[in-house]
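Close look at the chain arrangement
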Amino acid sequence: MDAQNPPKRVVVCGGGVIGVCTAYFLSKSGAAVTLVEKSSIACGASGKAGGFLALDWCDGGPVSSLARASFDLHRSLAQELNGAELYGYRPVTTLSLSITETAASSSAQSKRKSGPKIPSWVDGPAKGPRIIGTTETTAQVHPQLFTKTLLSKAVEVYGLKVVIGKLEKVEVTEGEAKAVVLEGGGEIEADAVVLALGPWTGKLSLLGSMFRISGLKAHSIVLEPKDPDAITPHALFFSYYPAQGGKPMDPEVYPRPTGEVYICGMSAEEEVPDDPEQVIPLPESIRVLKTVAKNVSSHLVEGKANVKAEQACFLPCTDDSLPVIGEVPGVKGCYVATGHSCWGILNGPATGAAVSELVLDGTASIVDLSRFSPARFSRGRKW
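Structure report, in brief. Keep in mind that what you see is a predicted model, and the values were worked out from it rather than measured.

Before going further, it helps to spend a moment on unusual backbone geometry. Excluding glycine, residues mostly have negative phi values, and the peptide bonds linking residues are mostly trans. Backbone geometry places glutamate 174, a non-glycine residue, at a positive phi of 50°. Take glutamate 174: it is sitting in the loop between β9 (167-173) and β10 (176-182). Residue glutamate 174 is classed as exposed on the basis of its relative accessible area, which comes to 80%. Phi angles above zero are rare outside glycine, and serine 321 is one such case at about 65°. Relative to the helices and strands, serine 321 resides in the loop between β17 (305-318) and β18 (324-327). When its relative accessible area of 61% is taken as the criterion, serine 321 is described as exposed.

Spelled out as structure tokens, the structure:
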């Protein structure tokens, strides 16, 4: 860039998958980007999510075009960045199954013969398998490795700068974003600011007064089976009926090419703490997930498999179940990207690419963002 046309200075706030994808595409397009993160990169849901990707599961709704564009971008990014090796990108076959827990189910696992479509390692009382995704329509990544790979590429090749610090406010002068102010008084000047704060969006008064982002607390465990080669590349979605009756659960099981098996479920809306490091899993939720694991497979019984992680994270949800992506009403040069719920890892790349286009070109061509604009919350409201 010559002195007459210096690169646009953009500050992206938030080091999760949405912020990192946005910073990646902005810096790749020639912007001078600074990424501000309070704690550490991918320390929330972007490091603790399942990483499941689906081409067409959002079809028929307003998120369809975003999801399809992002699924395709994941595929091309994996080719460009060696995703199969660096962050576990791979196509998977996805199955839906049901399990009815019985008092004897955990000890009777080996007695059940595997059905034609049930992977042999799923030797608990699972039944009724249906293929709900093929290697053409479903895939996976390790979300923390994916996020950190994009970040490293942007830092090493495209000049992205990373600052660890807490965002205090966006400095707005005459209706335009001019800088971000950090806790302790630090200030970073900017021509544009992108706020990708996930479930912490509401903590910033500028956005918290416009719309509500709630936090859905999701629990997960990561297991390391002793014989990882026995575990096939399937994503499994269960209807799980506990032995004591009550409401069925919907746990999900994702083997990873790293040899780990990720199991999630047990979600509930809860107040989001100020610090991502303060997110603590509920012991009872972890206990239930371990029970699910042993009823899915003898390979996943605690003791036979090492428990690598017991964790929880917050998924950012909006009241209308749509993400919020676009320029903040009344603040020129200030953009928001949040509220992706359980599809943040899937929709990160297309969101980042679209926000990059919006910031640099004034409009997004990869996907129509109009349905996701934060202006939808202010229509009819007097400022």
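What follows picks up the thread again.
Across the sheet, which stays open at both edges, the three strands sit in the order β9-β10-β11 with antiparallel pairing between neighbours. Edge positions in the sheet fall to β9 and β11 (187-189), since each has one partner strand and no second. Neighbour-to-neighbour, the strand axes of this sheet turn through a mean angle of 25°, independent of strand direction.

Inspection of the entire model under this criterion finds one cavity of 30 Å³ or more. Estimated volume of the largest cavity: approximately 30 Å³. Lining the largest cavity are Cys43, Gly44, Lys48, Trp200, Pro276, Val279, Ala312, Cys313 and Phe314. Broken down by element, the residue count for the lining of the largest cavity peaks at three residues, all from β17. Among the residues making up the lining of the largest cavity, the classes are represented as seven nonpolar, one polar and one charged.

Among the eight residues of strand β14 (residues 234-241), six are classified as buried, and the element is accordingly described as predominantly covered. Alignment of strand β5 (residues 93-100) against β14, held across eight bridges, turns out to be parallel. Residue pairing for β14: threonine 100 is matched across the bridge by tyrosine 241. In the sheet, β14 pairs with strand β15 (residues 252-255) via two bridges, with the strands oriented antiparallel. Across the sheet, residue leucine 236 finds its bridge partner in β15, namely valine 253.

The rules behind each value
Residues numbered from 1 in each chain as written. Predicted model: local features only at pLDDT ≥ 70, side-chain atom pairs only at ≥ 80, totals over all residues. Heavy atoms only, no water. Helix = DSSP H or I, 4+ residues; strand = E, 2+ residues; numbered from the N terminus. Buried < 20%, exposed > 50% of the residue type's maximum accessible area, 1.4 Å probe, protein only. Pairing = 2+ DSSP bridges. Axes fitted to C-alpha atoms, helices over the stretch in contact; angles between N-to-C directions. 1 Å grid on protein atoms, 1.4 Å probe; cavity = no way out; pocket = protein on both sides within 12 Å on 5 of 7 lines; lining within 4 Å. Points joined across faces, edges and corners; volume = space filled by probe spheres on them. Nonpolar A, V, L, I, M, F, W, Y, C, P; charged D, E, K, R; others polar.

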